[in-house]
Amino acid sequence: MTAGRTLAVAAALAASLLGGCAMPTFPTIQPWVKPYERERLADPIMKLSRDALADKHFEHVRDVREGARGATGFQGGGCGCN
Amino acid sequence: MAATKAAIGLWRRLLALFGGLLGGLLGVAGARAADLPENKAEALIHSYSGGGVNAYGPAFLVRKSIFDKVSLTGTYYVDAVSNASIDVVTTASPYKETRHEFGLSADYVYRDAQITFGLMTSHEPDYVANTGSLDVTQEVFGGMTTVAFGFTRASDTVKKHNEPEFNDSANHWQYRLGLTQILTTRWLMSVNFEALSDDGYLASPYRVARVFGAAVPERTPRTRSGRAVKLRLVGDLGNRDATHLEYRYFSDTWDIKAHTAEIGYSRYFGENWLADSFFRYYTQTGALFYSDNAMSETLYVSRNRQLSTFNNMGLGAKLSYNLRRVPGRYDLKLNGSYEYTRFKFKDFTDLRDGSLYGYASSVIQVYLSATY
């Protein structure tokens, strides 16, 4: 039996096995946290950034003293203040 | 033949399953609309002190929505810097200068998407930076997932005091992707990725490097590309308190690799007080061409300690107090924050005594914030 024929037989066996069995029914994923359940998440204490100006200042202080930048959600300002 | 039919059947079932999953994810979008950012005003006094550098100034932000479709934000930021840093005292003279930054941005909401367009200009006597940015966020999956992407383009002009013939430029590009996911009724997480690219004059016209102990102008590559990825987890702890955990990894073509980790805790006290605290740790490896004192001639050489191997640890706290609240009309808060950070350099020596350099810095902010 050639390798190609072996593969074809194996594929046919696998397909008939899967096709013959009842496919498991996967439930459609629905949002599991409803809007009315998001009261705690909407509290200011949970915000990624509460005060843009203050957070931007901290970010600027770090940007001009550290080699790493980016992925913080803030726009840097050009400045040579070392 | 039977095998072919069975294989086709299998593919159909898999496609139906994939379609169902995708439909579940995207089909619920459109059921609600994204909100414009709330109207807000902030007035801030900031101060930085550390390593011989003092910087302070005011900053203001005003945001107001128009026709419930567009929100305009204006910012003004001042940095009055007096610099007697280790670089300056060992190789130059202390100086003072002021930086002014103006920003204007517009947020536009369409269905579940928010589009933000921003312009910013920063001016100091020897450095001008102009920046434009575009960001889009889209809520999907019934508002449980927010996808964000954005782009920033900046163009800088670099000059030098007392040398009017010196005039160079630098360009910056930033591309970012983000995803915020509600995990449970109490926890949410975000993942942000950003690619950064710079070209042009990326050095300082004042800083010197040391080669065989002699001071020479630093020579820095004119291109740099970096990648940053940040993970953040925020959780409500159930007793009017919350915690956040953050980690960021950064690497670039100058061979800097940096890790940043932060843990924070926030808590309400009574009706009017909110306290935040955090601990932050940062560590990086040095750039390929960084040298405290080079012992061979190389194309590029720099003694910029920002590109050296170092770490820092910061401890911060913030207190917010509700000054006045009229439900449905406005809310006024007084805020104060403080951060203490300790820097330790591994291969940057203090030329005055030959010891490894280190310093501590303090950041203070006092500000009023109002939503209306």
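Residues numbered from 1 in each chain as written. Chains lettered and ligands numbered in written order. Predicted model: local features only at pLDDT ≥ 70, side-chain atom pairs only at ≥ 80, totals over all residues.

Digging into the overall build of chain B
- Secondary structure assignment for chain B yields 2 helices and 18 strands.
- Dimensions of chain B, computed from C-alpha atoms along their principal axes, come out at roughly 80 × 70 × 40 Å.
- Burial analysis of chain B (372 residues in total) assigns 28% to the buried set.
- The contacts of chain B with a sequence gap of at least 6 include a subset with a gap of at least 24, amounting to 55%. (Helix = DSSP H or I, 4+ residues; strand = E, 2+ residues; numbered from the N terminus. Buried ≥ 20, exposed ≤ 12 C-beta atoms within 10 Å, placed from the backbone. Contact = placed C-beta atoms within 7 Å.)

Regarding the overall build of chain A
- Looking only at helices and strands, chain A features 2 helices and 0 strands.
- Counting every position in chain A, which comprises 82 residues, the buried fraction comes to 32%.

A look at the nonpolar core
- Within the largest apolar cluster, 14 residues are counted, with the highest numbers of intra-cluster contacts made by A68 of chain A together with I256, A258, A287 and L307 of chain B.
- When residues no more than four places from it in sequence are discounted, the contact partners of I256 of chain B are G67 and A68 of chain A together with S251, Q284, T285, A287 and L307 of chain B.
- The next biggest cluster of nonpolar side chains, apart from the first, holds 13 residues, and it includes V61 of chain A together with Y48, A59 and V363 of chain B. (Core = buried A, V, L, I, M, F, W, Y, C linked by C-beta atoms within 7 Å.)

So, the pairing of strand β3 (residues 70-83) of chain B
All names here are of chain B.
- Where strand β2 (residues 53-66) meets β3, 12 bridges bridge the pair, whose relative direction is antiparallel. Within β3, the residue paired with R63 across the bridge is T73.
- Taking the residues between adjacent antiparallel strands as the criterion, β2 and β3 are bridged by 3 residues, where F67 takes a positive phi near 55 degrees.
- Pairing of β3 with strand β4 (residues 95-110) involves 14 bridges; the strand directions are antiparallel. Residue pairing for β4: T73 is matched across the bridge by S105. (Pairing = 2+ DSSP bridges.)

Thoughts on the environment of D156 of chain B
Residue and element names in this part refer to chain B.
- Note that D156 resides in strand β7 (residues 145-159).
- The class for D156 is buried, based on 22 C-beta atoms found within 10 Å.
- Considered as a pair, D156 and E297 are 141 residues apart in the sequence and their alpha carbons are 30 Å apart.

Here we look at the confidence of the model for chain B
- Within chain B, residue pLDDT values average 91, and 91% of them lie at 70 or more.
- The model gives residues 14-32 of chain B a pLDDT under 50, and that stretch makes 24 contacts with residues more than four places away or in other chains. (pLDDT = per-residue confidence, 0-100.)

Here's the deal with helix α2 (residues 52-63) of chain A
- Spanning 12 residues, α2 of chain A covers 16 Å between terminal C-alpha atoms, matching the ideal 16 Å at 1.5 Å per step.
- Listing the buried residues of α2 of chain A in full gives L53, A54, K56, H57, F58, H60, V61 and R62 of chain A. (Expected span 1.5 Å × (residues − 1).)

Notes on the pairing of strand β17 (residues 330-349) of chain B
Residues and elements named next belong to chain B.
- Relative to β17, strand β16 (residues 310-326) runs antiparallel, the two being bridged by 16 bridges. Within β17, the residue paired with R325 across the bridge is D331.
- Following β16, the chain reverses through 3 residues before pairing antiparallel with β17; G328 in that reversal takes a positive phi of roughly 85 degrees.
- Here β17 pairs with strand β18 (residues 356-371) via 15 bridges, running antiparallel.

Points about the environment of D126 of chain B
All names here are of chain B.
- Counting through the fold element by element, D126 comes out in the loop between β5 (113-124) and β6 (127-140).
- Note: C-alpha distance between D126 and K159 (33 residues apart in sequence) is 4.6 Å.
- Non-local contacts of D126, meaning those with residues more than four positions away in its chain, are made with K159, K160 and H161.

Let's talk about the environment of E124 of chain B
Residue and element names in this part refer to chain B.
- Tracing the backbone through its elements, the reader meets E124 in strand β5.
- For E124, a count of 19 C-beta atoms within 10 Å corresponds to the partly exposed category.
- When the C-alpha positions of E124 and R352 are compared, they lie 30 Å apart, and in sequence the two are 228 residues distant.

A closer look at unusual backbone geometry
- Unlike most non-glycine residues, A71 of chain A shows phi in positive territory, near 60 degrees.
- Note that A71 of chain A resides in the segment after α2.
- Not every positive phi belongs to a glycine, and F67 of chain B is a case in point at roughly 55 degrees.
- As for its placement among the helices and strands, F67 of chain B is situated in the loop between β2 and β3.
- Judged by local crowding, F67 of chain B falls into the exposed class, with 5 C-beta atoms found within 10 Å.

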